[in-house]
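So the chains spell out like this:
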Amino acid sequence: MNKIKIYWLHCGRVRVSEKLPYGDGNFLGATGLFTRRADRIWLPVSALYIEHPQAKVLIDTGWHRDMSPNNSYDRNAQIAHMSLMLYMVNQGVVGEGETVVEQLATLGVKPSDLDYVLLSHLDVDHVSALKSLTAARNILVSEPEMNAATRFCGKFRYCSKMWHGTPIRTFRFGRTGLGPMEKSYDLLGDGSVQLIWTPGHSEGMFSTKVTGRNGKYFIYFADAGYGSRSWQQLVLPGICDDKELARTSLEWVREESLDDRCVASFACHDPAADPCRIEL
C-alpha cells in the first residue's frame, strides 16, 4: 500500500517581536516597530512537502535566496526583496542549502515535478520563494485571500511583487461541514488532502489536514497559531484580521490537535517542530 510521505522543512528563520506570535491581537506590539533588536526572537520559517500517491504538493515557500545572497543576514538585500516597512516587522535569514528549492533537490524533486504549490496565505514569509517555483503545474491561493491582498489596505501588509508575473490561480472553499467555518477545498477529490478555511490571522488563510487510509492525520495550521502553546493556551497571533474568527479557528486547531487520530499538528513558525518526515 502506498503511503503518504510528509516532509517538514525549515526554510530559514525570521526575527520578530514576541508579540507577533503570542500577542493575542496586540497589533502595535506585533509589528515590532518599538521593539529593540535585542528583545526580538528568532523563529523558523517552514514549508510542507507532501509526496502523495496521486500528486507532489508543496505548501508555502519559505524565504527566497534573494533574502540572503551570501547565505547570511543581509539588511539591504531584504529591503530590496520586500520593502523597508515589511523589513521593520520581520527580518529574515536563509542559510546555505536552506531554501525550499535546495531542500527539494536533496529529495530528487525539481519545481517542474510539483503538481501543486499551495499558499496558505500571502504574507511575505510564506510566498517569498514563489518565483523560484513557477515551473510547478499549479499554483493556488484561496479566493478570499487574494481579494484581501488586492484591496487598498492589503497593499500595506502584503508584497504583491512576490506573486506578480507568476501563474497563480485562486480556488473557492466549498461548504463541506469541515473546519471552524464548515468550508474547505478537497485538493485531490478523495478527502486525503483538505484545505480547511481558518480565517482570523488573515482573511483567506487555510490549514491543511492530511489523512491516511487508517484515519490518522496530520495538521498544518499555518499561522492560525505559532505553536502548540497557541492552541494549548488559546493565545492568538498579534496580527489578526478578525480576532473573533481567529479565536474560532484556533479553537478548532485545539480540538483537532487533541484528537487521538492526530499524529502531529505543526504551525509554520513552531520552534518545537524540528524538520522531520512523517508517514501516513
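Structure: above.
This part is about the pattern of salt bridges. Side chains that differ in sign of charge can pair as their charged atoms come close. A full pass over the atoms with the stated rule returns 12 salt bridges. A salt bridge links Lys110 to Asp113; the nearest nitrogen and oxygen atoms lie 3.6 Å apart. By relative accessible area, Lys110 is classed as partly exposed at 49%. Under the relative-accessibility criterion, Asp113 is labelled partly exposed at 24%. The closest approach of N and O atoms between Asp259 and Arg261, which form a salt bridge, is 2.9 Å.

Let us now look at the sheet that holds strand S13 (residues 262-266). Taken in spatial order, the six strands of this open sheet run S8-S9-S10-S11-S12-S13, and their pairing is mixed. Every other strand in the sheet has two partners, leaving strand S8 (174-175) and S13 as the edge strands with one partner each. Across three bridges, the pairing between strand S9 (residues 183-186) and strand S10 (residues 193-197) is antiparallel. The residue bridging Asp186 from the neighbouring strand is Gln194, located in S10.

On to the nonpolar core. In this structure, Leu118 and Phe218 are the most contacted members of the largest nonpolar core, which totals 45 residues. Discounting residues that sit within four places of it in the chain, Phe218 has contacts with Ile6, Trp8, Leu48, Thr208, Lys209, Val210, Val263, Ala264, Phe266, Ile278 and Leu280. Of all hydrophobic cores here, the second largest spans 44 residues; its members include Leu86, Val109, Ile139 and Val141.

This brings us to the packing of aromatic side chains. Taken as a whole and assessed by the stated rule, the structure comprises eight aromatic pairs. Between Phe171 and Phe206, the ring centres sit 5.9 Å apart and the planes meet at 65°, which makes this aromatic pair edge-to-face. Taken together, the residues Phe171 in strand S7 (residues 168-171) and Phe206 in strand S11 (residues 206-211) connect sequence positions 35 residues apart. Here Phe206 falls in the buried class, since its relative accessible area comes to 0%. The side chain of Arg13 reaches across the aromatic face of Trp42, ending 4.4 Å from its centre.

Here we come to the environment of Tyr73. By the element assignment, Tyr73 lies in the loop between strand S3 (56-59) and helix H3 (75-81). On the basis of relative accessibility, which here comes to 30%, the residue Tyr73 falls in the partly exposed class. Spatially, the C-alpha atom of Tyr73 lies 7.1 Å from that of Gly92, the residues being 19 residues apart in sequence. Not counting chain neighbours up to four residues away, the residues in contact with Tyr73 comprise Arg15, Trp42, Gln78, Tyr87, Gln91, Gly92 and Val93.

Here Asp242 lies in the loop between helix H9 (228-233) and helix H10 (243-258). For the pair Asp242 and Pro199, spaced 43 residues apart in sequence, the C-alpha separation works out to 7.7 Å.

The end-to-end C-alpha separation of H10 is 22 Å, in line with the 22 Å expected for 16 residues at 1.5 Å each. Taken residue by residue, H10 has Ala246, Ser249, Leu250, Trp252, Val253, Glu256 and Ser257 as its buried positions. Angular distribution of buried residues about the axis of H10 spans 155°; they occupy a single face of the element. Across H10 from its buried face, at more than 90 degrees, point the exposed residues Glu244 and Glu255. Where the residues of H10 are buried, they touch S10, S11, strand S12 (217-220), H9 and S13. At the N-terminal boundary of H10, the capping side chain belongs to Asp242, with an oxygen 3.0 Å from the backbone nitrogen of Glu244.

Cut-offs and rules
Residues numbered from 1 in each chain as written. Predicted model: local features only at pLDDT ≥ 70, side-chain atom pairs only at ≥ 80, totals over all residues. Heavy atoms only, no water. Salt bridge = Lys/Arg side-chain N within 4 Å of Asp/Glu carboxyl O. Buried < 20%, exposed > 50% of the residue type's maximum accessible area, 1.4 Å probe, protein only. Pairing = 2+ DSSP bridges. Helix = DSSP H or I, 4+ residues; strand = E, 2+ residues; numbered from the N terminus. Core = buried A, V, L, I, M, F, W, Y, C linked by side-chain atoms within 4.5 Å. Contact = heavy atoms within 4.5 Å. Phe/Tyr/Trp six-rings, centres within 6.5 Å; stacked < 30°, edge-to-face > 60°. Lys NZ or Arg CZ within 6 Å of the ring centre and 35° of its normal. Expected span 1.5 Å × (residues − 1). Arc of directions from axis to C-beta. Polar contact = N/O pair within 3.5 Å; in protein donor to acceptor, adjacent residues only side chain to side chain.

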